[in-house]
Amino acid sequence: MFASVRKGGVRQAGLRQGGLRQTAENGFARLTGSPSWTTTHDMRTDIFDFELPDDRIALHPANPRDSARLLVVKPGAALADRAIPDLPSLLSPGDALVFNDTRVIPAAFTGVRLRGDRPANIAFNLIKRIDASHWQAFARPAKRLETGDRVHLGHTNGVTGTLAGTISKKGQDGEVEIAFDLAGPDLDMAIAASGVMPLPPYIALKRQPDATDRQSYQTIFAAKDGAVAAPTAGLHFTSELLAGLEARGVARHGVTLHVGAGTFLPVKAADTDEHKMHSEWGAVSRETARALNDARARGGRIVAVGTTSLRLIESAADEGGVIHAWSGETAIFITPGYRFKAVDVLMTNFHLPRSTLFMLVSAFAGLEVMREAYAHAINRGYRFYSYGDASLLFPPA
């Protein structure tokens, strides 16, 4: 089954599956009937939908981190219920683990709009730095804001005082641009002092962020500030797990992708081709590219820790599967029909219905395979989303 692939803003034509009937099974839409294929540039979003009981959404992480469960999904084999500490035994000597070393900044704020004698409370989530003093943000409710409005974010603190700025631009779907009064390192310091961790909406709507989230929502690999969402597969790793992987002969290498808040958003468009991916900045060093290419040349596999690592490696790889040093913005959008060039195994958490990430894992392991895996996970009580359990996916031969 082929669909559109949008890579770096370039869309590739594919095939669309039509003439199919859907029936409900374990909360999933099941495709039945005889497929008919028509050339198009899109794929229906609703085939990636499923129902998830509310109690399957993890509001807190596993403690300790590596006590989470791990569902192993291999083509031609039964689904296997394992645990995170089993990861070294599931990989082979010579494999190369790729993790994302981005660090989440405290990008969520309560704020106030100041307009004459009519202040209004606004919630802000920073989503992307534009330059030294400007950030894109989601505002709720954005309808209370107009270009030129003054806003104060967070609380007054002894380090920087009030974090103040002006709405310099207003976009669609709640997006605004804020021109802060501070810039550069001073602005970074103010954000760190005034903001709270930007928990995903499915957690933040059910509980307030607390002091433990500053550590829990940060991976052991976190080194470079810039993400406004965690690369959540990395949350499962501990020093003990890393020691076990090293003893197994599994190498590890870091890349950087500053995860944006768009990762939380379901696809609202009826067809995938109508969905606009938010771009994210990433980088693969020359040393990492060389090490990964060498590992593959020796027969090892590239194991992506999370969809962010996978998307970045696939952005940096050429059509022959060679990974190059790379930096810049990527908006790669992976749906079934995409030909993976460099990543051989994927470790990832369980994702939202109709999300670009569920589309990605369906492209990697197969849509029907992932339907069955998610139905199994729901029935067996796996914990979903950012603070939830993980899966280890192997592609069809």
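Residues numbered from 1 in each chain as written. Predicted model: local features only at pLDDT ≥ 70, side-chain atom pairs only at ≥ 80, totals over all residues. Heavy atoms only, no water.

Observations regarding the pairing of strand S19 (residues 280–284)
Now for step 1: Because side chains alternate across S19, one face comprises the buried residues Glu280, Gly282 and Val284, and the other comprises Trp281 and Ala283, none of which is buried.
Now for step 2: Examined bridge by bridge, S19 and strand S21 (residues 326–330) share five bridges and lie antiparallel to one another. Bridging across to S21, Trp281 finds its partner in Glu329. (Buried < 20%, exposed > 50% of the residue type's maximum accessible area, 1.4 Å probe, protein only. Helix = DSSP H or I, 4+ residues; strand = E, 2+ residues; numbered from the N terminus. Pairing = 2+ DSSP bridges.)

Thoughts on the packing of aromatic side chains
Each aromatic ring pair is summarised here by two numbers: the centre-to-centre distance and the angle between the ring planes.
Now for step 1: In this structure the tally under the stated criterion is 15 aromatic pairs.
Now for step 2: For the ring pair Tyr202 and Tyr385, a centre distance of 4.5 Å and an interplane angle of 50° mean the geometry is tilted. With Tyr202 in helix H3 (residues 201–204) and Tyr385 in the loop between helix H9 (367–379) and strand S23 (390–393), the pair connects residues that are 183 residues apart, well separated along the chain. Taken individually, Tyr202 and Tyr385 each receive the classification buried, so the pair is uniform in this respect.
Now for step 3: Each ring, one from Phe350 and one from Tyr382, has its centre 5.6 Å from the other, and the planes form 65°; the classification is edge-to-face. With a gap of 32 residues between them, Phe350 in the loop between strand S22 (345–349) and helix H8 (356–365) and Tyr382 in the loop between H9 and S23 connect regions that are remote in the sequence. Each member of the pair, Phe350 as well as Tyr382, is classed as buried.
Now for step 4: Stacked on the ring of Tyr382, the Lys or Arg Arg69 has its end atom at 3.9 Å from the ring centre. (Phe/Tyr/Trp six-rings, centres within 6.5 Å; stacked < 30°, edge-to-face > 60°. Lys NZ or Arg CZ within 6 Å of the ring centre and 35° of its normal.)

Looking at the sheet that holds strand S9 (residues 96–100)
Now for step 1: Across the sheet, which stays open at both edges, the nine strands sit in the order S8-S7-S23-S22-S20-S9-S18-S19-S21 with mixed pairing between neighbours. For this open sheet the edge positions go to strand S8 (80–83) and S21, each flanked by a neighbour on one side alone. Averaged over all neighbouring strand pairs, the angle between strand axes comes to 25°, with direction disregarded.
Now for step 2: In this sheet, strand S18 (residues 251–257) lies alongside S9 in parallel orientation, the contact comprising five bridges. Bridging from a neighbouring strand, Leu97 pairs with Arg252 of S18.
Now for step 3: Contacts from helix H6 (residues 286–297) reach S9, S18, S19 and strand S20 (302–305) within the one sheet, and its direction differs from that of S18 by about 135°.
Now for step 4: Across the sheet, helix H7 (residues 307–316) lies against S9, S18, S19, S20, S21 and S22, angled at about 85° from S18, the strand it touches most. (Axes fitted to C-alpha atoms, helices over the stretch in contact; angles between N-to-C directions. Contact = heavy atoms within 4.5 Å.)

Structural notes on unusual backbone geometry
Outside of glycine, negative phi angles account for most residues, and trans bonds account for most peptide bonds.
Now for step 1: The linkage connecting Asn63 with the following residue, Pro64, adopts the cis geometry, with an omega of 0°.
Now for step 2: Of note, the amide linkage connecting Arg140 to Pro141 takes the cis form, showing an omega dihedral of -5°.
Now for step 3: Looking at where Pro141 falls in the secondary structure, it is placed in the loop between strand S13 (134–140) and strand S14 (150–157).
Now for step 4: Despite not being glycine, Asp173 shows a phi value in the positive range, around 55°.
Now for step 5: Along the chain, Asp173 falls in the loop between strand S15 (161–170) and strand S16 (175–180).
Now for step 6: Given the relative accessible area of 70%, Asp173 is considered exposed.

Things to note about the confidence of the model for the chain
Now for step 1: In this model, the chain carries an average pLDDT of 88, and 87% of its residues clear a pLDDT of 70 or more.
Now for step 2: Note on residues 1–41: pLDDT is under 50 here. Beyond four places in sequence and across chains, it has 114 contacts. (pLDDT = per-residue confidence, 0-100.)

Examining the environment of Thr288
Now for step 1: As for its placement among the helices and strands, Thr288 is situated in helix H6.
Now for step 2: Thr288 sits in the buried class, given a relative accessible area of 8%.
Now for step 3: Separated by 190 residues in the primary sequence, Thr288 and Val98 have C-alpha atoms spaced 9.1 Å apart.

Regarding helix H5 (residues 239–248)
Now for step 1: Turning to H5, its buried residues number three or more, namely Leu241, Leu242 and Leu245. Mapping the buried residues of H5 onto a view down its axis gives an arc of 100°, with all of them on the same face. Residues of H5 that are exposed and point more than 90 degrees away from the buried face comprise Glu240, Glu246 and Ala247.
Now for step 2: Close packing links the buried residues of H5 with helix H1 (87–90), S9 and S18.
Now for step 3: Gly249 sits one or two positions beyond H5 and adopts a positive phi of about 90°. (Arc of directions from axis to C-beta.)

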